[in-house]
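What follows is the residue order along each chain.
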Amino acid sequence: RYVNKGCSFCIEPMYGKPKFRPVEGVLAEVRRLAELGAVNFRLGGQADFFSYDAIGLGSSPTPQINVPTIRELLVGFWAAAPNTKVFHTDNGDPAMMIAHPEEAIEALRLLVRYSTPGNSLSFGLETADPAVTEANNLNIDADGCFEAIRMVNSIGRERGENGLPRLLPGLNFVAGLAGETTKTFDLNLAFLKRLLENDLWVRRINIRQVRPVRKEFEPTGLYREFRRFKELVRTTIDHEMLGRTVPEGTVLKDVFLELHEGHTTFGRQIGTYAILVGIPYDAPLNRFIDVKVTSHGQRSLTGIEYPLDINRASFRAITALPGIGAKRAARIVRARPFVNWSEVTAALDDPSVAERIAPFVGVAA
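Caption draft 1: Layout of the pairing of strand S3 (residues 119-126). Taken across its 8 residues, S3 has 8 buried, putting it largely inside the fold. Along S3, one buried face is formed by Asn-119, Leu-121, Phe-123 and Leu-125 and the opposite face, lined by Ser-120, Ser-122, Gly-124 and Glu-126, is buried too. The sheet contact formed by S3 and strand S4 (residues 167-175) spans 6 bridges and is parallel. By the bridge assignment for S4, Ser-120 is matched with Leu-168.

Here it is as structure tokens:
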């Protein structure tokens, strides 16, 4: 977008015409990193995945998507690093997608095919207020971003082998831009509610204050409104969105356990914008485990190691099972060891509770 000076707060267009690394150069680096043992990769540091080696650069803020070059890069990546475990990307420009929908769909299909599940394309909507969009020379309006989110959902929502949808959009909001009013935050929240009403998923929602990197911005005096908007998103949007993208019972593969805080163990999968997973009991650190989701926070998940060995699990681990409190956990501990699932059911006071925990534990039916 150097041709129209880009967004009011973005410094990248000031660098002038972009230069693209040739495919063979990128793949040579990937090949060498793989030789040195790297198995997790991200095509990072680019403002827009769809603009790589774009056709007609400089003729428009949205030059044509170069699908053959994108295909060459993605296919070549796996030839260069065939033992890769995680392969994710960075930002996507919804304006490029709207300007070239057929090419964008083809590029999305390539990305879903050649990246690993849990991938995210971050979209810089920044605001759903058309007055702010115009005042800051933003590259996409709310309706255009909504359509781009729909396009990604139509291609990338299938759940992959690690438990996450293969490809979802992320969404960025920036507060403090020129033209912002109290109405701006209402429009932003209405946009997010519209996504939920249409069952369109986003991987995560970032909400930030503008930084005076390119220029100073006049204070809007709306910091209280900003805080209220952010809190409403976290309490009314994030929880519901996370429940749809990673519902209860989902098995997340290869969660790396990183730290203890009290009696909670925290871990994440390797990948773009990895979701924080809390395991509500002490578990050994610095290892990969599979986790089955039991509940959701605003931006994090709670789960237990899967399958949970009910004959060896700690008391805290058993109380983490859905529907199991301290009294039922004590009954299970006293009745152990179990030989089959019928014995577990008999140890509980409610067959429906036994039925609910059955998918989480490792006793044969």
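From this point, the discussion proceeds with the structure in view.
Caption draft 2: Representation of the layout of surface pockets. Of the pockets and cavities examined, the second largest pocket occupies roughly 390 Å³. The wall of the second largest pocket is formed by 22 residues, among which Lys-85, Val-86, Lys-253, Asp-254 and Ile-270 lie closest to the centre. Elements represented by at least two residues in the lining of the second largest pocket include exactly strand S2 (86-88) and strand S6 (251-261). Here the residues of the lining of the second largest pocket sort into 9 nonpolar, 8 polar and 5 charged.

Caption draft 3: Looking closely at helix H6 (residues 142-156). Between the first and last C-alpha of H6 there are 21 Å, a value that for 15 residues agrees with the 21 Å anticipated at 1.5 Å per step. In terms of burial, H6 is a largely internal element, 11 of the 15 residues being buried. The complete set of buried residues in H6 reads Ala-142, Gly-144, Cys-145, Phe-146, Ala-148, Ile-149, Met-151, Val-152, Asn-153, Ile-155 and Gly-156. Looking at the buried positions of H6, the neighbouring elements they touch are helix H3 (94-99), helix H4 (101-114), S3, S4 and helix H7 (182-197).

Caption draft 4: Representation of the sheet that holds strand S9 (residues 288-296). The strand order around the closed barrel built from 5 strands is S6-S7-S8-S10-S9, with neighbouring strands paired in mixed fashion. Looking at each pair of strands side by side, their axes are set apart by 55° on average, direction ignored.

Caption draft 5: Layout of the packing of helix H1 (residues 23-35) against helix H2 (residues 67-80). For the pair H1 and H2, the least separation of the axes is 9 Å and the interaxial angle reads 20°. Relative to H2, the element H1 is oriented roughly parallel. Read as a crossing pair, H1 and H2 show a hand that is right-handed. Residues Val-23, Val-26, Leu-27, Val-30, Arg-31 and Ala-34 of H1 lie in contact with H2, whose contacting residues are Thr-69, Glu-72, Leu-73, Gly-76, Phe-77 and Ala-80. Looking at the contact of H1 with H2 residue by residue, the classes come out as 8 nonpolar, 2 polar and 2 charged.

Caption draft 6: Focus on the sheet that holds S3. With parallel pairing, the 3 strands of this open sheet are ordered in space as S3-S4-S5. Only two strands of the sheet have a single neighbouring strand rather than two, namely S3 and strand S5 (205-209). Ignoring which end each strand starts from, the neighbouring axes of this sheet average 25° apart. When S4 meets S5, the two strands line up parallel, connected through 5 bridges. The residue of S5 that forms the bridge with Phe-173 is Ile-207. Of the strands in this sheet, S3 and S4 touch H6, which is tilted by about 155° from S4. Along the sheet face, helix H8 (residues 223-245) touches S4 and S5 and points at about 170° away from the line of S5.

Caption draft 7: Geometry of the side chain of Arg-203. Inspection of the secondary structure puts Arg-203 in the loop between H7 and S5. Setting aside anything within four residues of it in sequence, one finds Arg-203 in contact with Ser-120, Leu-168, Pro-169, Gly-170, Thr-272, Tyr-273, Ala-274 and Ile-275.

Caption draft 8: Inspection of the nonpolar core at higher detail. Core analysis: the largest hydrophobic core is formed by 64 residues, its most contacted members being Leu-108, Leu-171, Phe-191, Leu-192 and Leu-195. Setting aside anything within four residues of it in sequence, one finds Leu-171 in contact with Phe-123, Leu-125, Cys-145, Ile-149, Phe-191, Leu-192, Leu-195, Arg-204, Ile-205 and Asn-206. Counting 36 residues, the second largest nonpolar core, distinct from the first, contains Leu-257, Ile-275, Ile-304 and Ile-357.

Caption draft 9: View of unusual backbone geometry. Along the chain, Tyr-306 connects to Pro-307 via a cis peptide bond; the corresponding omega equals -10°. Here the residue pair Arg-336 and Pro-337 is connected by a cis peptide bond, since its omega of 0° sits within 30 degrees of zero. Summarising the element assignment, Pro-337 is placed in the loop between helix H10 (326-335) and helix H11 (341-347). The backbone phi angle of Lys-5 is positive, close to 75°, even though this residue is not glycine. Structurally, Lys-5 can be placed in the segment before H1. Within the chain, Asp-199 stands out as a residue other than glycine whose phi angle is a positive 50°. Following the sequence through the fold, Asp-199 ends up in the loop between H7 and S5. For Asp-199, a relative accessible area of 33% translates into the label partly exposed.

Caption draft 10: Quick peek at the pattern of salt bridges. Applying the stated criterion across every chain, the model contains 18 salt bridges. In this structure, Arg-244 and Asp-199 form a salt bridge, with 3.2 Å as the shortest nitrogen-oxygen distance. You can see Arg-244 sitting in helix H8 and its partner Asp-199 sitting in the loop between H7 and S5, a full 45 residues away along the chain. Notably, a salt bridge pairs Arg-287 with Glu-305, separated by 3.5 Å at the nearest N-O pair. With Arg-287 in the loop between strand S8 (276-279) and S9 and Glu-305 in strand S10 (residues 300-305), this residue pair connects regions lying 18 residues apart in the sequence. A network of salt bridges, in which partner residues are shared, links Arg-157, Asp-199, Glu-240 and Arg-244.

Parameters and conventions
Residues numbered from 1 in each chain as written. Predicted model: local features only at pLDDT ≥ 70, side-chain atom pairs only at ≥ 80, totals over all residues. Heavy atoms only, no water. Buried < 20%, exposed > 50% of the residue type's maximum accessible area, 1.4 Å probe, protein only. Helix = DSSP H or I, 4+ residues; strand = E, 2+ residues; numbered from the N terminus. Pairing = 2+ DSSP bridges. 1 Å grid on protein atoms, 1.4 Å probe; cavity = no way out; pocket = protein on both sides within 12 Å on 5 of 7 lines; lining within 4 Å. Points joined across faces, edges and corners; volume = space filled by probe spheres on them. Nonpolar A, V, L, I, M, F, W, Y, C, P; charged D, E, K, R; others polar. Expected span 1.5 Å × (residues − 1). Contact = heavy atoms within 4.5 Å. Axes fitted to C-alpha atoms, helices over the stretch in contact; angles between N-to-C directions. Parallel < 35°, antiparallel > 145°, perpendicular 65-115°, else oblique. Left-handed = near helix turned anticlockwise from the far one by under 90°. Core = buried A, V, L, I, M, F, W, Y, C linked by side-chain atoms within 4.5 Å. Salt bridge = Lys/Arg side-chain N within 4 Å of Asp/Glu carboxyl O.

Function cannot be inferred from these measures alone, as they are strictly geometric.
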